[in-house]
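Chain by chain, the residues:
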Amino acid sequence: MSRTAAAAAAAAAAAAAVVLVLYLKQQQRRGGGGADEESPASTASADVSILGDIFCDIMVASSEADCNNPPLIWGGDVVVDEPIQAMAGGSGLNTATHLACAFRSSANSTTNLWSAIGRDAWGGIIRRHASRCGVRLRGVLDAPSTGVCVVFSGPSDRGFVTHRGPIADLALASCSDDEKAVLVDDGELLRTTARHVHVAGYYNCPRLWGGPTASVLKAARARGLTTSLNAQYDASGQCKLLI
C-alpha cells in the first residue's frame, strides 16, 4: 500500500468517528435518537455499535527507510533507530476509541465494538486499551489467536504484513452456518443498540462482504437506527464495494 493510500485509509477511520460524534451530539441536543420510545432498542445498552476489525499493530519505524534502504531485507538484519512498539489498532477499534473518548463525559453514551480477538498476548494489549478508553468489547473474545499487522514505516512510505486471524472468518450468525466461521450475534447487536450501527474495516472482513453487511444495515434501518460504513483499503487493490 502506498503512503497516500494508507494515509487515506487512516484518515477515513478518523473522519468516520468525527462524523458520528457530531451527529450523535446533535441528536443529544435535540433530545432524540435513532430509536423512538416504542422501539425495542430504546432500552439498549449502547448508543453506537461498531461491527468490524481489530488488530494489534507492531510498529517498525525508521527515519532512514526508503525504497533504496528498506526496513526489511530478506535474509538480512536491519537496525532501526526508533523503538518497536505494539499497540491496539484496526479501523473498528480506532473508530470505537475516538467515539468512546469523545463521549467520556456523558454517562449515558456508550460504544460497543463487535469483533473477534484471542486470549493471547496480542489480545491482552487490545483488552487493556479498550478498558482504558471505555470501549466495550463484544462478540468473540476467546478466539485461538488475534489479528496482527506489522507496519514498516519510513519518511516517504510504509508497508504492511498482516495476519487477519479471526477477523478473516468474522461472520454474522444470521448469515452463516459454516463451522469455521467466527460468529457475531447480529440479533443481539441490533437489540442492544440505541442510535447508530457502523461497519468498519469492511475489506478486512471477507465474510461480511456483500449480503451480510447489506442485511445488518437494512435491519438496523428497519429498527429506526442510523447506519454508516467505512470500507477501509482493499489489499487486492480492486476496491470494489460489494454491497
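Engineer: I'd like a description of the nonpolar core, backed by residues and values.
Structural biologist: Formed by 23 residues in total, the largest nonpolar core has its most connected members in Leu51, Leu170, Leu189, Leu190, Val197 and Val216. At the level of secondary structure, the elements contributing two or more residues to this core comprise strand E4 (111-118), strand E5 (135-143), strand E6 (148-153), strand E8 (170-172), strand E9 (182-184), helix H4 (186-191), strand E10 (193-200) and helix H5 (211-222). If one sorts the elements of this core by residue count, H5 sits on top with 3 residues. Among the nonpolar cores identified, the runner-up in size contains 21 residues, and Phe103, Ile117, Leu137 and Val148 belong to it.

Engineer: Could you give me a rundown of the packing of aromatic side chains, with the residues and numbers involved?
Structural biologist: In the structure shown here, the tally under the stated rule is 2 aromatic pairs. Geometrically, the ring pair formed by Tyr203 and Trp209 is edge-to-face, given 6.3 Å between the ring centres and 75° between the ring planes. Taking relative accessible area as the criterion, Tyr203 reaches 4% and is therefore assigned buried. Taken together, the aromatic side chains of Tyr202, Tyr203 and Trp209 make up a single cluster linked through ring pairs.

Engineer: Explain the sheet that holds strand E7 (residues 158-163) to me, and be specific about the residues and the numbers.
Structural biologist: Reading across from one edge, E3-E2-E6-E7 is the order of the 4 strands in this open sheet, with mixed pairing throughout. Each of the sheet's edge strands pairs with one partner strand only, and the pair in question is strand E3 (85-89) and E7. Sheet twist, expressed as the mean angle between neighbouring strand axes with direction ignored, is 25°.

Engineer: Go over the sheet that holds E10 with me, naming the residues and quoting the values.
Structural biologist: One open sheet accounts for 5 strands, arranged E5-E4-E1-E10-E11; its pairing is parallel. Since the sheet does not close on itself, it has two edges, and those belong to E5 and strand E11 (226-230), each with one partner. Within this sheet the neighbouring strands show an average axis-to-axis angle of 25°, counted without direction. The pairing of E4 with E5 spans 7 bridges and is parallel. Paired with Ala116 across the bridge in E5 is Val140. The strands touched by helix H3 (residues 121-133) are E4 and E5; relative to E5, the strand with the most contacts, the crossing angle is about 160°. Across the sheet, H5 is in contact with strand E1 (46-52), E10 and E11; its angle to E11 comes to roughly 155°.

Engineer: Give a description of the pattern of salt bridges that names residues and reports values.
Structural biologist: Following the criterion strictly, the structure yields 4 salt bridges and no others. A cluster of three or more residues bridged by salt bridges with shared partners is formed by Asp169, Asp178 and Arg207.

Engineer: Which residues make up the side chain of Thr192, and what values do they have?
Structural biologist: As for its position among the elements, Thr192 is in the loop between H4 and E10. Owing to a relative accessible area of 16%, Thr192 belongs among the buried residues under this scheme.

Engineer: Can you lay out the environment of Pro83 for me, pointing to particular residues and giving the numbers?
Structural biologist: By the secondary structure assignment, Pro83 is in the loop between strand E2 (55-61) and E3. Residue classification places Pro83 among the exposed residues on the basis of a relative accessible area of 58%. Separated by 22 residues in the primary sequence, Pro83 and Ala61 place their C-alpha atoms 7.6 Å from one another.

Engineer: So what's going on with unusual backbone geometry? Residues and values would help.
Structural biologist: Not every positive phi belongs to a glycine, and Gln232 is a case in point at roughly 65°. With respect to the element layout, Gln232 can be found in the segment after E11. By relative accessible area, which is 22% here, Gln232 ends up partly exposed.

Engineer: Which residues make up the side chain of Thr193, and what values do they have?
Structural biologist: The residue Thr193 is located in strand E10 in this model. Within polar-contact distance, the side chain of Thr193 engages the backbone oxygen of Leu189 at 2.5 Å.

Engineer: Which residues make up H3, and what are the values?
Structural biologist: Since one α-helical turn is 3.6 residues long, residues separated by three or four positions face the same way. The terminal C-alpha atoms of H3 lie 19 Å apart, and with 13 residues this matches the ideal 18 Å at 1.5 Å per residue to within 8%. Within the sequence span of H3, burial applies to Gly123, Gly124, Ile125, Ile126, His129, Ala130 and Cys133. Against the buried residues of H3 lie E2, E3, helix H2 (91-102), E4 and E5. Phi for Gly134, located one or two positions after H3, is positive at around 85°.

Engineer: Outline the pairing of E11, listing residues and values.
Structural biologist: Pairing between E10 and E11: 5 bridges, direction parallel. Within E11, the position partnered with Val199 by the bridge is Leu229.

Each value, and the rule that gives it
Residues numbered from 1 in each chain as written. Predicted model: local features only at pLDDT ≥ 70, side-chain atom pairs only at ≥ 80, totals over all residues. Heavy atoms only, no water. Core = buried A, V, L, I, M, F, W, Y, C linked by side-chain atoms within 4.5 Å. Buried < 20%, exposed > 50% of the residue type's maximum accessible area, 1.4 Å probe, protein only. Helix = DSSP H or I, 4+ residues; strand = E, 2+ residues; numbered from the N terminus. Phe/Tyr/Trp six-rings, centres within 6.5 Å; stacked < 30°, edge-to-face > 60°. Pairing = 2+ DSSP bridges. Axes fitted to C-alpha atoms, helices over the stretch in contact; angles between N-to-C directions. Contact = heavy atoms within 4.5 Å. Salt bridge = Lys/Arg side-chain N within 4 Å of Asp/Glu carboxyl O. Polar contact = N/O pair within 3.5 Å; in protein donor to acceptor, adjacent residues only side chain to side chain. Expected span 1.5 Å × (residues − 1).

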